[in-house]
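Residue-level structure breakdown
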Amino acid sequence: NNTPAAHLHIKASGTAAVLRIEDSDSSNQVYDFLCDQGSGLSIVDKGTANSNNTRLFIAESTGFVGINIDTASVVSAPLTFRAAQNTPFLEVKDDQNADKSRVSFEYNYSGTDRLDINLHHPSKSTVMSLYEGDDVKIHGSLGIGVASPTAKLQIATGNIRLTDDYYLEWGGTK
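If you're wondering where the values come from, they're calculated on a predicted model, not measured in any experiment.

Cut-offs used in this document
Numbering of residues starts from 1 in every chain and runs along the sequence as written. For this predicted model, a pLDDT threshold of at least 70 governs which residues receive local features, and a threshold of 80 or more governs which side-chain atom pairs are given and counted, while totals over whole chains, interfaces and linings are taken from all residues. Only hydrogens and water are set aside; all other atoms, that is, all heavy atoms of the structure, feed into the side-chain values. We count a stretch as a helix when DSSP gives it H or I for four or more residues in a row; a strand needs E for two or more, and each element gets its number in order from the N terminus. Exposure was quantified through the Shrake-Rupley algorithm and a 1.4 Å probe, taking into account, for residues, occlusion by the shown protein chains and nothing else. Strands pair, by our definition, only if DSSP identifies at least two bridges between them. By the convention used here, residues are in contact when the closest approach between their heavy atoms is within 4.5 Å. Exposure above 30% relative accessible area and the absence of a salt bridge qualify a residue for a patch, where like charges join within 9 Å and nonpolar side chains (Val, Leu, Ile, Met, Phe, Trp, Tyr) within 5 Å. In the sections that follow, a salt bridge refers to a side-chain nitrogen of Lys or Arg positioned within 4 Å of a carboxyl oxygen of Asp or Glu. Here the axes come from fitting lines to C-alpha atoms, over the contacting stretch only for helices, and the angles between their N-to-C directions go from 0 to 180 degrees. Think of it in three bands: with a 1.4 Å probe and only protein chains considered, a residue is buried below 20% of the maximum accessible area for its type, exposed above 50%, and partly exposed in between.

1. Some thoughts on the overall build of the protein chain
On a plain count of helices and strands, the protein chain comes out with zero helices and 13 strands. Reading the protein chain from its N terminus to its C terminus gives the helix and strand order β-β-β-β-β-β-β-β-β-β-β-β-β. Taken as a whole, the protein chain presents about 12800 Å² of accessible surface, with 51% of it coming from carbon and sulfur.

Following this line, the structure appears as structure tokens:
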């Protein structure tokens, strides 16, 4: 059917059905909205020098959303991000003050691949990092059942249980 279904209807083959939005100042920033049967909907930053950076992609088959991703096969979860190495790909923080506490998720490559989950505090930089695998790094003190620990590790009411063949060491002795 070639009858328009809406007041503004753009119809073409493949990725030729494009709605372009362009500002009119000196840089002429351009964004294209396009859809492609079998792929999905994309918002592409054409930039000021005819670049081609997909900023948002919605996969047709799943409805999953990709940020900085341009291919349906890469969008593997309801929300998928792509960012450069050692750059947070998701950061949750106060929008008024960058120095507030925040949490960030980042892919970190420094000899080994790992996913870092960092809790940040304005006066202490990174407070806690959870690394892919078995490592947890606490910057400061850890309290279990204690709101304000006064030692590196402080446990309130409870036991420490170790399985067989494990022990606690003091100064290198058991």
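2. Brief notes about the pairing of strand E4 (residues 53–59)
Pairing between strand E3 (residues 40–47) and E4: six bridges, direction antiparallel. Note that in E4 the partner of valine 44 across the bridge is threonine 54. The pairing of E4 with strand E5 (residues 65–67) spans three bridges and is antiparallel. Paired with leucine 56 across the bridge in E5 is isoleucine 67.

3. Focus: the side chain of threonine 54
Looking at the secondary structure, you find threonine 54 in strand E4. Every residue in contact with threonine 54, bar those within four places of it in the chain, is listed here: Ser42, Ile43, Val44, Asn68, Ile69 and Asp70.

4. A closer look at a nonpolar patch on the surface
Together, Leu142, Ile144, Leu153, Ile155, Ile160, Leu162, Tyr166, Leu168 and Trp170 give the surface a local cluster of nonpolar side chains, amounting to about 920 Å² of exposed area. If you list the elements that add at least two residues to the nonpolar patch, you get strand E12 (142–144) and strand E13 (153–155). Secondary-structure assignment places leucine 142 in strand E12.

5. Points about the sheet that holds E3
Two pairing modes exist for strands in a sheet, parallel and antiparallel, and in both the strands are linked by backbone hydrogen bonds. Across the sheet, which stays open at both edges, the six strands sit in the order E1-E2-E3-E4-E5-E6 with mixed pairing between neighbours. Two strands close off the open sheet at either side, each with one partner strand: strand E1 (18–22) and strand E6 (79–81). Pairs of neighbouring strands in the sheet enclose a mean axial angle of 15°, with direction left out of account. Where E5 and E6 come together, three bridges link them in parallel fashion. Considered in E6, the bridge of glycine 66 is made with threonine 80.

6. Let's talk about the environment of alanine 59
Tracing the sequence through the fold places alanine 59 in strand E4. Alanine 59 gets classed as buried once you look at its relative accessible area, which sits at 3%. Expressed as a C-alpha distance, the spacing of alanine 59 and serine 42, which sit 17 residues apart in the sequence, is 8.7 Å. Among residues more than four places away in sequence, those in contact with alanine 59 are Ser39, Gly40, Phe64 and Ala72.

7. Some details on the pattern of salt bridges
For side chains of opposite charge, pairing can occur when their charged atoms come near one another. For the structure on display, the rule yields two salt bridges. The salt bridge involving arginine 20 is made with aspartate 32; its shortest N-O contact spans 2.6 Å. Here the residue arginine 20 occupies a position in strand E1, and aspartate 32 occupies one in strand E2 (residues 30–36), the gap between them amounting to twelve residues. What makes arginine 20 partly exposed here is its relative accessible area of 46%. Overall, aspartate 32 belongs to the buried group, its relative accessible area being 5%. Linking aspartate 45 and arginine 55 is a salt bridge whose minimum nitrogen-to-oxygen distance equals 3.0 Å. Taken as a pair, aspartate 45 in strand E3 and arginine 55 in strand E4 lie far apart in primary sequence, ten residues in all. For aspartate 45, a relative accessible area of 8% puts it in the buried group.

8. Points about unusual backbone geometry
Here the phi dihedral of asparagine 68 falls at roughly 60°; this positive angle occurs in a residue that is not glycine. For asparagine 68, the position within the fold is in the loop between E5 and E6. Residue classification places asparagine 68 among the partly exposed residues on the basis of a relative accessible area of 32%. Here aspartate 165, not a glycine, exhibits a phi torsion of approximately 70°, which is positive.

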